[in-house]
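# Report on the structure
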Amino acid sequence: MQDLGSPAAGADRTFEDLLTAVGRDRDRAAFAALFGHFAPRLKAYLRRQGCDEGGAEELVQDVMLLVWRRAETYDPTQASAGTWVFTIARNKRIDALRREQRPEIDPADPTLVPDPVESADDGVAARETAGRLKAALKTLPPEQADLLRLAYFEDKPHSQISVEQGIPLGTVKSRLRLAMERLRKAMRDSR
Amino acid sequence: MTVPTHHPGDTLLIDYAGGALGEAASLIVATHLALCPCCRLNVAEMEAVGGALLESIEPEEVDPACLETVLARLDDLPPLPRAPRPKLVCQPAEVPLLPEPLRRYVGNDLSRLPWKRLMRGMDCYDIPLASGSESRGKARLMRLASGVGPPHHTHRGIELTLVLDGGFTDDPGQFARGDLSVADDSVRHRPVADEEGCLCLAVTDAPLRFTGALGLILNPFVTF
């Protein structure tokens, strides 16, 4: 019997490898390693969304169970493990905290206007992009980084952030735009 | 196939990618995404930003019992069935006019909807939202006959209009299928439907959820 709780279970594998192993082999040790990394981050994310301590831990469990059940659909060329887990957590908290649906495109819809060209980075691990992105995040001016965190973590559209922070709407928009431009450049750098 | 020329813009797409938009505004943004590969790429990158922010958040300790509870529940859960793959061979003879996710909300047979007449040449259908509450925005299908436009108006709050068929002309230019117009209180505008008429999805998102007085949004498209 392996020690499922040991972080060493995933020490030499990337989180993308671990997710793939969960999807392919229902690998419990890989899942436990993913839990060890993501659960405390998910908890922090959900606390910032307004969950209390107990509520956050319950939702963390729900999100990780969804990770287990959906891992089969994970594609490491499309998204890093962090991005994939983020989208699951985002949708789960909209469902659980707001009791709303999140309308999304259906990739199989015949009405969908297809991408003009195959994306250039097909086959390249999204993990590399994620690495450059993480580095670029650290170089953002604090006033841009702070607004970006508010936009992603506080369940408030930018118009409301403007009112609550007392920052003019135009300034909020231009800071978010500047931040996004810099991050986009980092992500597209190697294409 | 033409691609849209009027887009939601970075800040609205960030709100969508981060999950801060209400259901009505998410519906119109996602329906634009179905028609706009360029904004789809932007949203995928914005989700990657969400992933990087999640990675860089200060972690909070989780009760060790949580992992045990989750591990104990794994066996009760079958993997979710895979989403059906896109059909590669047999394209349906007729591609539906309305893209997902809008089609899920209103169906594809517009003649069956209980349209409501607002004025001559202008009909509407209020789309029921899962949330049931309109505190975070309303969504409405609008059908305008050639040359028709709502009376002159300004906005409180934000109004989004997505063209689904035909088109309209407004100060910022011509809007055709897939084009999304973003209007706020800084815009005085008077859209007029083009010759072929116009079918569009109109949404107001209540940007100030916490103030009761502003819940009354002066929007002729949605609260006529």
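Reading the values: rules and limits
- Residues numbered from 1 in each chain as written.
- Chains lettered and ligands numbered in written order.
- Predicted model: local features only at pLDDT ≥ 70, side-chain atom pairs only at ≥ 80, totals over all residues.
- Helix = DSSP H or I, 4+ residues; strand = E, 2+ residues; numbered from the N terminus.
- Buried ≥ 20, exposed ≤ 12 C-beta atoms within 10 Å, placed from the backbone.
- Contact = placed C-beta atoms within 7 Å.
- Pairing = 2+ DSSP bridges.
- UniProt positions renumbered as here; feature names shortened; annotations may be inferred.
- Core = buried A, V, L, I, M, F, W, Y, C linked by C-beta atoms within 7 Å.
- Domains from an automatic or database assignment.
- Axes fitted to C-alpha atoms, helices over the stretch in contact; angles between N-to-C directions.
- Parallel < 35°, antiparallel > 145°, perpendicular 65-115°, else oblique.
- Left-handed = near helix turned anticlockwise from the far one by under 90°.
- Nonpolar A, V, L, I, M, F, W, Y, C, P; charged D, E, K, R; others polar.
- pLDDT = per-residue confidence, 0-100.

### Some words on the overall build of chain B
If you tally the helices and strands in chain B, you get 5 helices and 7 strands. Along its sequence from the N terminus, chain B presents helices and strands in the succession α-α-α-α-α-β-β-β-β-β-β-β. When the 224 residues of chain B are sorted by exposure, 44% land in the buried category. Excluding contacts between residues fewer than 6 apart, the proportion of contacts in chain B whose partners are at least 24 apart in sequence is 72%.

### Regarding the pairing of strand E4 (residues 158-170) of chain B
Residues and elements named next belong to chain B. Counting buried residues in E4 gives 10 out of 13 residues, a clear majority hidden from the surface. Examined bridge by bridge, E4 and strand E6 (residues 180-183) share 4 bridges and lie antiparallel to one another. By the bridge assignment, Thr161 is partnered in E6 with Ser181. Where E4 lies against strand E5 (residues 173-175), 3 bridges are found, and the strand directions are antiparallel. The residue bridging Asp170 from the neighbouring strand is Gly173, located in E5. Here E4 folds back onto E5 in antiparallel fashion, the turn holding 2 residues.

### With respect to the UniProt feature "domain: RNA polymerase sigma factor 70 region 4 type" (unreviewed entry) in chain A
UniProt feature "domain: RNA polymerase sigma factor 70 region 4 type" (unreviewed entry): in the numbering of this structure it lies at residues 132-183 of chain A. Secondary structure over residues 132-183 of chain A splits into 81% helix and 0% strand, and the C-alpha atoms at its two ends are 9 Å apart.

### What to know about the nonpolar core
In this structure, Leu34(A), Ile28(B) and Leu201(B) are the most contacted members of the largest nonpolar core, which totals 104 residues. Looking at this core element by element, the count peaks at 12 residues for helix H2 (residues 28-48) of chain A. In this structure, this core is formed jointly by two domains, domain 1 (1-102) and domain 2 (126-191) of chain A, each of which donates at least three residues. Setting aside chain neighbours within four positions, we find Ile28(B) in contact with Ala139(B), Leu160(B), Leu162(B), Leu201(B) and Val203(B).

### A short note on the packing of helix H8 (residues 169-188) of chain A against helix H1 (residues 10-18) of chain B
The N-to-C vectors of H8(A) and H1(B) enclose an angle of 75°; their axes lie 9 Å apart at closest approach. Taken together, the axes of H8(A) and H1(B) are roughly perpendicular relative to one another. In this structure, H8(A) uses Lys173(A), Leu176(A), Arg177(A) and Met180(A) to contact H1(B), whose residues at the interface are Asp10(B), Thr11(B) and Ile14(B).

### Some thoughts on the packing of helix H5 (residues 126-138) of chain A against H8(A)
Helix packing for two helices is described by the angle between their axes and how far apart those axes are. All names here are of chain A. Contact geometry for H5 and H8: axes closest at 8 Å, N-to-C directions at 145°. Along this stretch, H5 crosses H8, giving a crossing that reads as right-handed. In contact with Thr129, Arg132, Leu133, Ala136 and Leu137 of H5, H8 contributes Arg182, Leu183, Ala186 and Met187. A per-class count over the contact of H5 with H8 returns 6 nonpolar, 1 polar and 2 charged.

### Looking at the domain arrangement of chain A
Residues and elements named next belong to chain A. Segmenting chain A into domains produces domain 1 (1-102) and domain 2 (126-191). Centre-to-centre, using C-alpha coordinates, domain 1 lies 23 Å away from domain 2. Counting residues at the interface gives 12 residues for domain 1 and 6 residues for domain 2. Elements with a contribution of two residues or more to the side of domain 1 that touches domain 2: H2 and helix H4 (81-97). By residue class, the composition of the side of domain 1 that touches domain 2 is 3 nonpolar, 7 polar and 2 charged.

### A look at the interface of chain A and chain B
The partner chain B presents 67 residues to the 72 residues of chain A that form the contact. Elements represented by at least two residues in the side of chain A that touches chain B include exactly H2, helix H3 (53-70), H4, H5, helix H6 (142-153), helix H7 (158-165) and H8 of chain A. Element by element, the count of residues in the side of chain A that touches chain B is highest for H2(A), at 10 residues. Within the side of chain A that touches chain B, the residues separate by chemical class into 36 nonpolar, 13 polar and 23 charged.

### A look at the UniProt feature "domain: RNA polymerase sigma-70 region" (unreviewed entry) in chain A
Here, UniProt's "domain: RNA polymerase sigma-70 region" (unreviewed entry) annotation points to residues 34-102 of chain A. The span residues 34-102 of chain A shows a helical share of 72% and a strand share of 0%, and its end C-alpha atoms are spaced 25 Å apart.

### Quick word on H1(B)
Burial of H1(B) is extensive: 9 of the 9 residues sit out of reach of the surface. Turning to H1(B), its buried residues number three or more, namely Asp10(B), Thr11(B), Leu12(B), Leu13(B), Ile14(B), Asp15(B), Tyr16(B), Ala17(B) and Gly18(B). For H1(B), the elements touching its buried residues are H6, H7 and H8 of chain A together with helix H2 (23-35), helix H3 (37-56) and E6 of chain B. Phi for Gly19(B), located one or two positions after H1(B), is positive at around 85°.

### A short note on the confidence of the model for chain A
The predicted model of chain A has a mean per-residue pLDDT of 89, with 89% of residues at 70 or higher. The least confident element of chain A is H7(A), whose mean pLDDT is 89; the most confident is H2(A), at 97.

### Considerations on the environment of Ala135(A)
Among the structural elements, Ala135(A) can be located in helix H5. C-alpha of Ala135(A) to C-alpha of Arg102(A): the two residues are 33 residues apart in sequence and 30 Å apart in space.

### Quick look at helix H1 (residues 15-25) of chain A
Residues and elements named next belong to chain A. Summarising burial for H1: 8 of the 11 residues are buried, a large majority. Listed as buried for H1 are Phe15, Glu16, Leu18, Leu19, Thr20, Ala21, Val22 and Gly23. Where the residues of H1 are buried, they touch H2, H3, H4 and H5.

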